[in-house]
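Notes for the structure review
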Amino acid sequence: GAGVSQTPSNKVTEKGKYVELRCDPISGHTALYWYRQSLGQGPEFLIYFQGTGAADDSGLPNDRFFAVRPEGSVSTLKIQRTERGDSAVYLCASSLKAVAGDYEQYFGPGTRLTVT
Amino acid sequence: AQSVAQPEDQVNVAEGNPLTVKCTYSVSGNPYLFWYVQYPNRGLQFLLKYITGDNLVKGSYGFEAEFNKSQTSFHLKKPSALVSDSALYFCAVRSPGTYKYIFGTGTRLKVLA
């Protein structure tokens, strides 16, 4: 079946602009995660959704970052007033509801964001 | 605070030899532990997990990992390496009752023919 998809695959924007990154999780997966991966680093947790609500947004670096998942499926990560330090690959992952045993995350291919 | 350490940036091994990729962790309570692999130009793929039970867990592609509570380690192993195993490997940990995963910095495995 279809995996997690992310669009766009690449985004180049100018410093100060607003960007939206989209994630389409695997159908039926109620848990959705956003991560940021900088060069040479592991994925860094940003936010976790269970259904429509953000159950843990402790990884969002500041109030320029915001994410929504209004219908419990597609999610959008929004970054305002982008800075060059925001350049990274943004990963989305989904999983079945996080009950015992259902912890595997399925990752999308990522969106490479470059802020010039 | 949760943390994961992968002490080796790169591991080189000859094809057919056993391989080990190291991971140690720090977390309060009993951890949930994971290994993921990232091939070039492909997304992260789940390999295996430890939640509870047998300390030796088996996963995809012939990989296994051993949970050692006293040493707070979860090393990834494979008895006989293949050139196709060459990739970037990430260890991750999550504390029970939370949903935040902490990933290590990754270890690049290079299997030489």
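You'll find the structure just up there.
These notes cover the structure that comes with them. (Residues numbered from 1 in each chain as written. Chains lettered and ligands numbered in written order. Predicted model: local features only at pLDDT ≥ 70, side-chain atom pairs only at ≥ 80, totals over all residues. Heavy atoms only, no water.)

1. Notes on the packing of aromatic side chains
- Under the criterion given, the structure shown has 15 aromatic pairs over all chains.
- Between Tyr35(A) and Phe103(B), the aromatic rings sit 5.5 Å apart at their centres with planes inclined by 85 degrees, giving edge-to-face as the arrangement. Of this pair, Tyr35(A) sits in strand β4 (residues 31-37) while Phe103(B) sits in strand β11 (residues 101-103), which puts the two residues in different chains. Side by side, Tyr35(A) and Phe103(B) carry an identical accessibility label, which is buried.
- Between Tyr36(B) and Phe46(B) the ring centres are 5.8 Å apart and the planes differ by 70 degrees, which places this aromatic pair in the edge-to-face class. With Tyr36(B) in strand β5 (residues 32-38) and Phe46(B) in strand β6 (residues 44-50), the pair connects residues that are ten residues apart, well separated along the chain.
- Exposure remark for Tyr36(B): the relative accessible area of 0% places this residue in the buried category.
- Clustering of aromatic rings is evident, with ring pairs tying together Tyr33(A), Tyr35(A), Phe45(A), Tyr48(A), Phe107(A), Phe34(B), Tyr36(B), Phe46(B), Tyr99(B), Tyr101(B) and Phe103(B). (Phe/Tyr/Trp six-rings, centres within 6.5 Å; stacked < 30°, edge-to-face > 60°. Helix = DSSP H or I, 4+ residues; strand = E, 2+ residues; numbered from the N terminus. Buried < 20%, exposed > 50% of the residue type's maximum accessible area, 1.4 Å probe, protein only.)

2. A closer look at the interface of chain B and chain A
- Taken together, the 17 residues of chain B in the interface contact 20 residues of chain A.
- Regarding the contact of chain B and chain A, the summed buried area is about 1600 Å², with carbon and sulfur atoms giving 59% of it.
- On the chain B side of the interface with chain A, the three residues burying the most area are Leu44(B), Tyr99(B) and Tyr101(B), jointly 33% of the side's total.
- At the boundary of chain B and chain A, one finds one salt bridge.
- Applying the counting criterion to the chain B and chain A interface returns two residue pairs in polar contact (both at pLDDT 80 or more).
- Elements supplying a minimum of two residues to the side of chain B that touches chain A: β5, β6, β10 (87-94) and β11 of chain B.
- The element contributing the most residues to the side of chain B that touches chain A is β5(B), with four residues.
- Considered class by class, the residues forming the side of chain B that touches chain A number ten nonpolar, four polar and three charged. (Contact = heavy atoms within 4.5 Å. Buried area = accessible area lost by both parts, 1.4 Å probe. Salt bridge = Lys/Arg side-chain N within 4 Å of Asp/Glu carboxyl O. Polar contact = N/O pair within 3.5 Å; in protein donor to acceptor, adjacent residues only side chain to side chain. Nonpolar A, V, L, I, M, F, W, Y, C, P; charged D, E, K, R; others polar.)

3. Quick word on the pattern of salt bridges
- If you walk through the whole model with that rule in mind, you get seven salt bridges over all chains.
- Between Asp24(A) and Arg22(A) there is a salt bridge, with the nearest N and O atoms lying 2.8 Å from each other.
- By relative accessible area, which is 21% here, Asp24(A) ends up partly exposed.
- Its relative accessible area of 39% is what places Arg22(A) among the partly exposed residues.
- Notably, a salt bridge pairs Lys49(B) with Glu104(A), separated by 3.0 Å at the nearest N-O pair.

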